[in-house]
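Here's the letter readout for the chains.
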Amino acid sequence: MTDVDLDAVVADGLAAVAAAPDLDALDTAVGGLFGRRGAVSAVQRSLGRLDEAARRERGRAVNDARARLQTAIAERRAVLEDQRDRVVLAAEAVDVTLPPRTPRRGSLHPITETVEALVDVFAGLGYTALSGPEAESEWFNFTALNLPRDHPARSEEDTIYLEPLTPGGPAWSTLLRTSTSPMQVRTMLATPPPLHVVVPGRVFRQDTPDATHTPVFHQIEGLSVDTDISMADLRGTLAAVARAVLGPATRIRLLPDHFPFTEPSCQVEAWDGTRWLELLGAGMVHPTVLEAGGYDPEAVGGFAFGIGIERVAMLRYGIDDLRLFSDNDLRFLAAF
Ligand code: PHE
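A brief structural summary. Within every chain, residues take consecutive numbers counted from 1 along the sequence as written. Note on the predicted model: pLDDT of at least 70 is required for a residue's local features to be given, and 80 or more for side-chain atom pairs to be given and counted; whole-chain, interface and lining totals, by contrast, use all residues. Heavy atoms from the whole structure form the basis of all side-chain values; hydrogens and water molecules are not counted.

### Some words on the overall build of the protein
Right, on to step 1. A run of DSSP states H or I qualifies as a helix once it reaches four residues; a run of E qualifies as a strand once it reaches two. Both are numbered from the N-terminal end. In terms of helices and strands, the protein carries 13 helices and nine strands.
Right, on to step 2. Taking 336 residues into account, the globule formula puts the C-alpha radius of gyration at 20 Å, and the protein, at 42 Å, lies well above it.
Right, on to step 3. Oriented by its inertia axes, the alpha-carbon framework of the protein measures out at about 130 × 55 × 35 Å.
Right, on to step 4. Exposure classes here rest on a 1.4 Å probe applied to the protein chains alone. A residue is buried below 20% of its type maximum, exposed above 50%, and partly exposed in between. The proportion of buried residues among the 336 residues of the protein is 40%.
Right, on to step 5. By definition, residues are in contact when any of their heavy atoms lie within 4.5 Å. Considering only intrachain contacts with a sequence separation of at least 6, the fraction spanning at least 24 residues in the protein is 64%.
Right, on to step 6. Just so you have it, the protein exposes about 18,600 Å², and 54% of that area is on carbon and sulfur atoms.
Right, on to step 7. If the 32 positive side-chain charges of the protein are averaged to one point and the 47 negative ones to another, these points end up 13 Å apart. Based on C-alpha atoms, the radius of gyration is set beside the globule rule, defined as 2.2 Å times the residue count to the power 0.38. Surface accessibility follows the Shrake-Rupley procedure with a 1.4 Å probe radius. Residue values consider only the protein chains on display as shielding. Charged residues are defined here as Lys and Arg on the positive side and Asp and Glu on the negative side; His and the ends of the chain fall outside this count. To locate a charge, take atom NZ for lysine, CZ for arginine, CG for aspartate or CD for glutamate.

### As for helix H9 (residues 231–246)
Right, on to step 1. Between the first and last residue of a helix there are one fewer steps than residues, each counted as 1.5 Å, and that sum is the expected span. For H9, spanning 16 residues, the distance from its first C-alpha to its last is 22 Å, which sits close to the expected 22 Å at 1.5 Å a residue.
Right, on to step 2. Among the residues making up H9, those that are buried are Leu234, Thr237, Leu238, Ala239, Val241, Ala242 and Val245.
Right, on to step 3. As for H9, its buried residues are in contact with helix H5 (110–124), strand E6 (252–259), strand E7 (262–271), strand E8 (276–285), strand E9 (301–308) and helix H11 (309–317).
Right, on to step 4. The backbone nitrogen of Ala232 has a side-chain oxygen 3.1 Å away, supplied by the residue at the start of H9, namely Ser230. Nitrogen and oxygen atoms within 3.5 Å of one another constitute a polar contact, given that in protein one can donate a hydrogen and the other can accept it, and given that sequence-neighbouring residues count only through two side-chain atoms.

### Brief notes about the nonpolar core
Right, on to step 1. We define the nonpolar core as a collection of buried residues of types Ala, Val, Leu, Ile, Met, Phe, Trp, Tyr and Cys that are connected through side-chain atoms lying within 4.5 Å of one another. One finds Phe122, Leu238, Leu280, Phe305 and Phe325 to be the most contacted residues of the largest nonpolar core, which totals 37 residues.
Right, on to step 2. With six residues, the single largest contributor to this core is H9.
Right, on to step 3. Every residue in contact with Leu280, bar those within four places of it in the chain, is listed here: Leu238, Cys266, Gln267, Val268, Phe305, Gly306 and Ile307.
Right, on to step 4. Listed in part, the 20 residues of the second largest apolar core include Phe142, Ala144, Ala153 and Val285.

Here it is as structure tokens:
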């Protein structure tokens, strides 16, 4: 079939290849020439209809045309591949003249910082730091601390009771601990006297948030049991700790209070320059509690205290609303 204009096929093909803006377009152009319905393929098919002499001559012309087109395609492909690689490299390029992005340094949360400061001071006084479970048994949280099931002080501290740990078990058996005090009996049961431990941790209460209360807060429990421990040791220890953590001029005062697990009991306040702020509850460990811990109240005695960490942090940093500690406002947190 001589009616197909081979020169036109080549000219159109070369133009399409040269104009292909990218590799996909080039592939489309190649398909238009050499694909099953391509222009070159059509010319090739038409050869069968020629007599032998004409076919040989036309065949040679077709082969030349193919060769020219393929050379053009290969050249264009090389150019387009190079272009694509440049784009990829440009995207991956690193501008070494840019100033470095220094990682933003965080800092310890003021509560964590205060816990570490307190633990550090107590360590200097010979105390070992422990931690205890936040999900606590009703026995350690209340009963062992001389708060039997019908004691009215239980409801003041009531908290969230958890699903029974054993299916069908009593519903009241596990709760979020209302103070770090359950660690008193846990520790006594695990360690013979003498004992000097502090236990920082998170505690949970039924409380409406205000400037000085939150339903979740932190305490550090202290327990010191030995022979010949008196209320004077308690006072001296707490005064030394207050001075170490809040400054050498810090004044504290002890006020009478009541806790079922200490006798006598007191509340300790610190002077913040304007007013007295309650920091902790404390007292001499009740004989019943020593017995629950397997200790002989005739042979040993001691004191215990539970410091409100948030209260210490408020004094330490001059913060007047403890809700700031849990708001997660970076403007506040970045100040530490
Ligand atoms: N557990 C008491 C509270 O949370 C504090 C306390 C601890 C009092 C140890 C006496 C002894 O208020």
